[in-house]
Amino acid sequence: MTIPESGCYMDNETSCLPCTPEEEKRVVDELTKEAESNLKEGNLYYVLSNRWYMDWLRYTGQDTGDDMFGHFIGPLSRNGVDSKTPIRRPGQIDNSHLLLDGSDIDGIDLDMHRTLEEGRDYVLVPQEIWKKFHDWYKGGPALPRKLISHGVAHKSYSVEVYPLSLKLTDSRDDKKYIIRISKKESVRALYNKVCSLLDLDPEKVGIWDNFNGRKHKLLTVSDEDLEEACLQIDQDILLEVQSEGFHSSRSGMDSTGNELALVAVDPPSTSISIAGGPAVSNSNGYSSGFGYNIIKGHGLNLPFTTADDGNDILSSVKKCGGGGLAGLQNLGNTCFMNSALQCLIHTPPLVEYFLQDYTEEINKQNPLGLHYYIPRKVSNSVPAVQGELAIAFGELLRKIWSSGRAPIAPRAFKGKLARFAPQFSGYNQHDSQELLAFLLDGLHEDLNRVKKKPYIQAKDANGRPDWKVANECWQNHKARNDSVIVDVCQGQYKSTLVCPSCSKISVTFDPFMYLSLPLPSTVTRSMTITVLYGDGGALPMPFTVSVLKHGCVKDLIQALSDGPDGCCLKSDEKLLLAEVDDHHIHRYLDNPYEQLSSIKDDDHIVAYRVPKVPEKLTRLEIIFRSKQKCMSDISNGADSELLGTPLVSCFADGLLTGADIQPLAHKMLVPLMRTTSASPSNQVQTNAASGDAMELEEAFNGDSSPFHLWLTDEKGTSCHPIDTARFFEQGQTVRVLLEWSDRVRELYDVSYIENLPEVYKTTGYIAKKNKHEAISLFSCLEAFLKEEPLGPDDMW
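1. Examining the overall build of the chain
- In terms of helices and strands, the chain carries 20 helices and 28 strands.
- Of the roughly 41,200 Å² of accessible surface on the chain, a fraction of 51% belongs to carbon and sulfur atoms.

2. Structural notes on the pattern of salt bridges
- For the coordinates displayed, the defined rule picks out 31 salt bridges.
- Between Glu117 and Arg120 there is a salt bridge, and its shortest N-O distance comes to 3.4 Å.
- You can call Glu117 partly exposed: its relative accessible area is 34%.
- For the salt bridge of Glu388 with Lys416, the shortest nitrogen-to-oxygen distance reads 3.6 Å. Taken together, the positions of Glu388 in helix α8 (residues 388–400) and Lys416 in helix α9 (residues 411–420) put the pair 28 residues apart, joining distant regions of the chain.
- Taken together, the shared-partner salt bridges connect Glu361, Arg449, Lys478, Asp482 and Asp487 into one network.

3. Some points on the sheet that holds strand β20 (residues 604–611)
- Spatially, β17-β16-β20-β18-β19 is the arrangement adopted by the five strands of the open sheet, whose pairing is mixed. Every other strand in the sheet has two partners, leaving β17 (541–548) and β19 (584–588) as the edge strands with one partner each. In this sheet, neighbouring strand axes are inclined to one another by 45 degrees on average, regardless of whether the strands run parallel or antiparallel.
- Judged from the four bridges that link them, strand β16 (residues 524–533) and β20 form a sheet pairing that is parallel. By the bridge assignment for β20, Val531 is matched with Ala607.
- Helix-sheet contacts for helix α14 (residues 553–562) involve β16, β17, β18 (573–581) and β20, and the interaxial angle to β17 is about 130 degrees.

4. So, the packing of aromatic side chains
- Applying the stated rule across the entire model yields 11 aromatic pairs.
- Centre to centre, the rings of Trp52 and Tyr137 are 5.0 Å apart; their planes meet at 80 degrees, and the pair counts as edge-to-face. Highlighted residues: Trp52 in helix α2 (residues 50–59) and Tyr137 in helix α3 (residues 127–137), separated in sequence by 85 residues. The residues Trp52 and Tyr137 share a single accessibility class, namely buried.
- In this structure an aromatic cluster arises from ring pairing among Trp52, Tyr53, Trp56, Phe133, Trp136 and Tyr137.
- Here the guanidinium or amino end of Lys215 rests over the ring plane of Trp208, the centre of that ring lying 4.3 Å away.

5. Let's talk about the environment of Leu669
- Along the chain, Leu669 turns up in the loop between α16 (658–668) and β24 (676–678).
- Judged by relative accessible area, which is 0%, Leu669 ranks as buried.
- Once residues lying within four places of it in the same chain are set aside, the contact partners of Leu669 are Phe624, Leu647, Phe707, Leu738, Trp740 and Tyr748.

6. Points about empty space enclosed by the protein
- For the structure on display, the rule yields five cavities of 30 Å³ or more.
- The space that makes up the largest cavity amounts to roughly 100 Å³.
- As for the largest cavity, its lining consists of 12 residues, and the residues nearest its centre are Glu227, Leu231, Gln232, Lys414 and Tyr427.
- Counting residues per element, the lining of the largest cavity draws most heavily on α9, which supplies four residues.
- Classifying every residue of the lining of the largest cavity by side-chain character gives five nonpolar, three polar and four charged.
- Built from parts of two domains, the lining of the largest cavity gets at least three residues from each of domain 2 (164–241) and domain 3 (334–370 + 385–447).

7. Comments concerning the side chain of Asn363
- If you trace the backbone, Asn363 turns up in the loop between α7 (348–354) and β12 (372–374).
- For Asn363, a relative accessible area of 1% corresponds to the buried category.
- Polar side-chain contacts of Asn363 include one of 3.0 Å to the backbone oxygen of Val450.
- Aside from chain neighbours lying at most four places away, what touches Asn363 is Gln386, Glu445, Asp446, Asn448, Val450 and Lys451.

8. With respect to the sheet that holds strand β11 (residues 236–241)
- The strand order across the open sheet built from five strands is β8-β7-β11-β9-β10, with neighbouring strands paired in mixed fashion. With partners counted over all chains shown, the strands left at the sheet margins are β8 (175–181) and β10 (217–218), one partner each.
- Both strand β7 (residues 164–170) and β11 contribute to a ladder of four bridges, which runs parallel. When the sheet's bridge partners are listed, Lys167 is paired in β11 with Asp236.
- Each of β7, β8, β9 (205–209), β10 and β11 touches helix α4 (residues 187–198); the most contacted strand, β8, lies at about 135 degrees to it.

9. Some thoughts on the pairing of β9
- In terms of burial, β9 is largely enclosed, as five of its five residues are buried.
- Of the two faces of β9, both are covered, the one formed by Val205, Ile207 and Asp209 as well as the one formed by Gly206 and Trp208.
- Sheet topology places β9 next to β11; five bridges connect them, and they run antiparallel. Among the inter-strand pairings, Gly206 is bridged to a residue of β11, identified as Glu240.
- Where β9 lies against β10, two bridges are found, and the strand directions are antiparallel. Of the residues in β10, the one forming a bridge with Trp208 is Leu218.

10. A short note on unusual backbone geometry
- The omega torsion of the bond from Gly140 to Pro141 falls at -5 degrees, within 30 degrees of zero and hence cis.
- Inspection of the secondary structure puts Pro141 in the loop between β4 (139–140) and β5 (144–150).
- Phi is positive for Cys230, which is not a glycine, with a value near 65 degrees.
- Residue position: Cys230 is located in the loop between β10 and β11.
- Despite not being glycine, Asn755 has its phi angle at roughly 55 degrees, a positive value.
- With respect to the secondary-structure elements, Asn755 resides in the loop between α18 (742–747) and α19 (764–772).

11. Some words on helix α10 (residues 432–446)
- For α10, which comprises 15 residues, the first-to-last C-alpha distance of 21 Å matches the rise-based estimate of 21 Å (1.5 Å per residue) to within 8%.
- Every buried residue of α10 is accounted for by Leu435, Ala437, Phe438, Leu439, Leu440, Gly442, Leu443, His444, Glu445 and Asp446.
- The inward-facing, buried residues of α10 abut α6 (335–345), α7, α8, α9 and α12 (484–489).
- Structurally, the start of α10 carries an N-cap: the backbone nitrogen of Gln433 is 3.1 Å from a side-chain oxygen of Asp431.

12. What to know about the environment of Pro407
- Tracing the sequence through the fold places Pro407 in the loop between α8 and α9.
- Between the C-alpha atoms of Pro407 and Leu325, which are 82 residues apart in sequence, the distance is 8.8 Å.

13. Points about the environment of Gln356
- Its location among the elements puts Gln356 in the loop between α7 and β12.
- Under the relative-accessibility criterion, Gln356 is labelled partly exposed at 31%.
- C-alpha separation for the pair Gln356 and Gly394, spaced 38 residues apart in sequence, amounts to 9.7 Å.
- At 3.0 Å, the side chain of Gln356 forms a polar contact with the backbone oxygen of Glu352.

14. Concerning a nonpolar patch on the surface
- Together, Tyr493, Leu515, Leu777, Leu781, Phe784 and Leu785 line one region of the surface with nonpolar side chains, adding up to about 540 Å² of accessible area.
- Tallying contributions element by element places helix α20 (residues 777–785) first for the nonpolar patch, with four residues.
- Residue position: Tyr493 is located in strand β14 (residues 491–498).

15. With respect to the side chain of Glu621
- Relative to the elements of secondary structure, Glu621 occurs in strand β21 (residues 618–626).
- Engagement of the side chain of Glu621 in a polar contact is seen with the side chain of Arg735, the distance being 3.4 Å.
- Not counting the four nearest positions on each side in its chain, Glu621 is found in contact with Ile585, Tyr588, Leu647, Val648, Glu714, Thr733, Val734, Arg735 and Val736.

Parameters at a glance
- Residues numbered from 1 in each chain as written.
- Predicted model: local features only at pLDDT ≥ 70, side-chain atom pairs only at ≥ 80, totals over all residues.
- Heavy atoms only, no water.
- Helix = DSSP H or I, 4+ residues; strand = E, 2+ residues; numbered from the N terminus.
- Areas by Shrake-Rupley, 256 points an atom, 1.4 Å probe, with all protein chains shown as cover.
- Salt bridge = Lys/Arg side-chain N within 4 Å of Asp/Glu carboxyl O.
- Buried < 20%, exposed > 50% of the residue type's maximum accessible area, 1.4 Å probe, protein only.
- Pairing = 2+ DSSP bridges.
- Axes fitted to C-alpha atoms, helices over the stretch in contact; angles between N-to-C directions.
- Contact = heavy atoms within 4.5 Å.
- Phe/Tyr/Trp six-rings, centres within 6.5 Å; stacked < 30°, edge-to-face > 60°.
- Lys NZ or Arg CZ within 6 Å of the ring centre and 35° of its normal.
- 1 Å grid on protein atoms, 1.4 Å probe; cavity = no way out; pocket = protein on both sides within 12 Å on 5 of 7 lines; lining within 4 Å.
- Points joined across faces, edges and corners; volume = space filled by probe spheres on them.
- Nonpolar A, V, L, I, M, F, W, Y, C, P; charged D, E, K, R; others polar.
- Domains from an automatic or database assignment.
- Polar contact = N/O pair within 3.5 Å; in protein donor to acceptor, adjacent residues only side chain to side chain.
- Expected span 1.5 Å × (residues − 1).
- Patch = residues over 30% accessible without salt bridge, like charges linked within 9 Å, V, L, I, M, F, W, Y side chains within 5 Å.

In structure tokens:
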């Protein structure tokens with residue numbers, strides 16, 4: 001049987017059956033597992049249009065969710081599709097929209113759009129899967145890319161989707177060429193490729209790092225890879241050809257092309273240059289001095305003297321001023337790195353530290369320090385340089401503070417960063433905070449003054465004062481961690497945990513190097529709650545309070561009770577929260593640890609002020625309903641129409657009887673009483689603001705009451721006469737239905753218990769105001785320090 005629009009058969013010697021969707025999926029799954037089990041540098045992967053790939057997933061009955069951001073096709077979820085719905089077989093593979101020029105030439109030389117995103121615009125498939133896809137569907141063009149490795153101690157793999165695209169200029173005739181080559185290829189391979197392209201003798205060729213159109217350094221033919229040589233994507237390189245061989249004439253340049261502006265602080269005695277200047281050395285095997293030079297670019301000649309005069313680069317900067325004004329060039333989506341670097345490079349204590357001789361503090365013994373190994377032919381691998389990250393950072397800081405205002409390209413630093421933190425290699429965007437965290441930690445370990453970290457057993461507080469426990473914890477931390485980063489960037493905070501079940505309190509003091517501060521708007525939530533007086537003491541009043549988004553009912557009650565925007569609850573009162581839905585109590589929020597996330601923005605939440613007593617309270621709940629046509633309608637709840645918001649009162653003194661309900665209802669309705677009310681049978685003058693309950697009770701007693709009460713259920717659907725002799729148990733909820741007749745409407749203003757505000761509703765004015773409202777650092781710290789309930793994933 002032939003698949004429609006296909007005519008393709010499986011490339012399988014043991015089977016002549018056509019490729020069904022199920023068979024295609026099975027073949028791809030098997031090849032995926034095989035590729036993932038055989039990862040090695042140099043393996044080919046192919047860029048494949050995500051549009052086409054999504055069509056293929058649908059065709060084979062697989063999930064087409066947006067969570068496919070891995071480098072390889074992994075096991076896919078099998079949601080399946082309706083077998084009755086025909087899915088068209090994908091057409092030919094079309095990768096043309098991924099290319100800058102839309103070319104249909106296969107090969108690594110094809111240039112792709114630089115803004116493409118994996119998982120959105122394209123996916124990567126192993127070579128064998130590409131071959132299958134191409135056999136089944138044809139099309140293209142093929143876009144092969146190599147698997148490369150990153151890192152030194154911990155290797156990771158990635159597909160080099162964007163190889164280096166170097167702009168070669170031939171100095172003989174100024175002709176331009178584009179050289180596309182992997183950043184993991186060697187400088188020797190670059191020479192070979194250029195010589196092969198232009199038919200040149202390698203002995204007479206010199207290739208210069210011509211970053212930003214300026215000669216920086218001659219690339220030495222070696223096995224050093226192009227990433228280590230600090231070559232960037234889209235940068236210029238310059239070809240020079242000499243008749244009698246090529247010799248470098250470079251001088252006055254460091255490895256990144258910035259003029260040397262460093263100073264000797266000790267007599268030369270080492271073979272290692274810390275800041276890119278002439279190599280000096282001392283007995284420690286580290287550079288403790290820097291080259292003699294003058295700052296260029298702003299006309300200031302700064303003679304840097306030796307340590308005998310007690311001066312160094314720091315004193316020169318302090319005398320002349322104007323340092324630290326240089327910017328950092330963007331090497332391609334490196335704004336995340338540059339912003340973090342500028343923050344540290346302009347932190348005064350760090351500036352003072354790195355502008356002085358810090359080589360004595362480089363920790364040569366720290367296994368957590370950042371160094372790499374160079375293999376030797378005659379012996380085992382030995383550490384080449386300790387404290388590589390600290391040295392690279394120190395070099396960059398010195399250039400920023402001694403190179404005038406000319407922008408600096410931090411290429412050497414980025415190369416070191418990529419070596420030790422492969423996640424930051426390449427030219428994708430990253431998170432500045434993640435980079436800053438790695439950098440601070442790496443600098444700390446490189447400069448840790450503790451050579452051998454002692455084992456320390458943590459002790460419990462055992463009732464000791466906080467200051468003693470805090471001091472002990474900090475000293476324990478300093479015994480293992482002592483560096484300029486600890487001095488400047490680390491602190492200690494007190495963390496208190498309270499068990500919600502047994503109320504056990506645990507206090508710890510934890511060191512920190514940085515705080516991830518939340519924006520107040522992201523951690524807090526405004527909630528509007530209507531507060532009603534259970535004893536009829538005042539009119540209902542809405543209160544808007546701010547609480548933690550992930551807080552609990554207890555936090556909301558506290559904010560309403562004694563917060564700055566709360567209702568100033570008395571010491572003998574408490575709040576009873578309830579959700580009102582369709583004019584009846586939908587539920588009481590009795591659990592203080594219930595998450596506030598259960599309350600939606602369009603809910604109506606009320607809080608009843610009730611007495612605070614230890615024993616169980618008997619609740620009297622009054623539900624309002626419009627007057628029915630006849631007694632039979634009242635008894636069976638026909639055509640029931642509830643209105644308003646229920647009133648709730650609680651009682652602890654004695655037992656509630658049926659005879660108590662009528663005067664209690666009158667008392668709860670006092671705030672709603674109109675100032676002057678009239679009825680055919682009574683003329684009543686009352687002061688609604690004063691709430692004279694006694695006057696009201698005397699005016700309305702017995703048969704003269706303007707309303708009728710009925711016992712009902714929680715939704716007000718059933719009605720029964722109230723037995724005045726009946727006693728209700730303590731702790732019981734007594735629900736009564738109040739018939740709201742025309743006469744009652746004359747006496748009471750029902751508007752106060754109708755149309756209650758929602759929990760949260762943004763008006764245009766408020767939204768505009770909040771949009772432009774400034775957020776201070778203090779408010780962020782305040783949001784960070786607020787009490788936070790632990791969720792199910794953070795159990796005790």
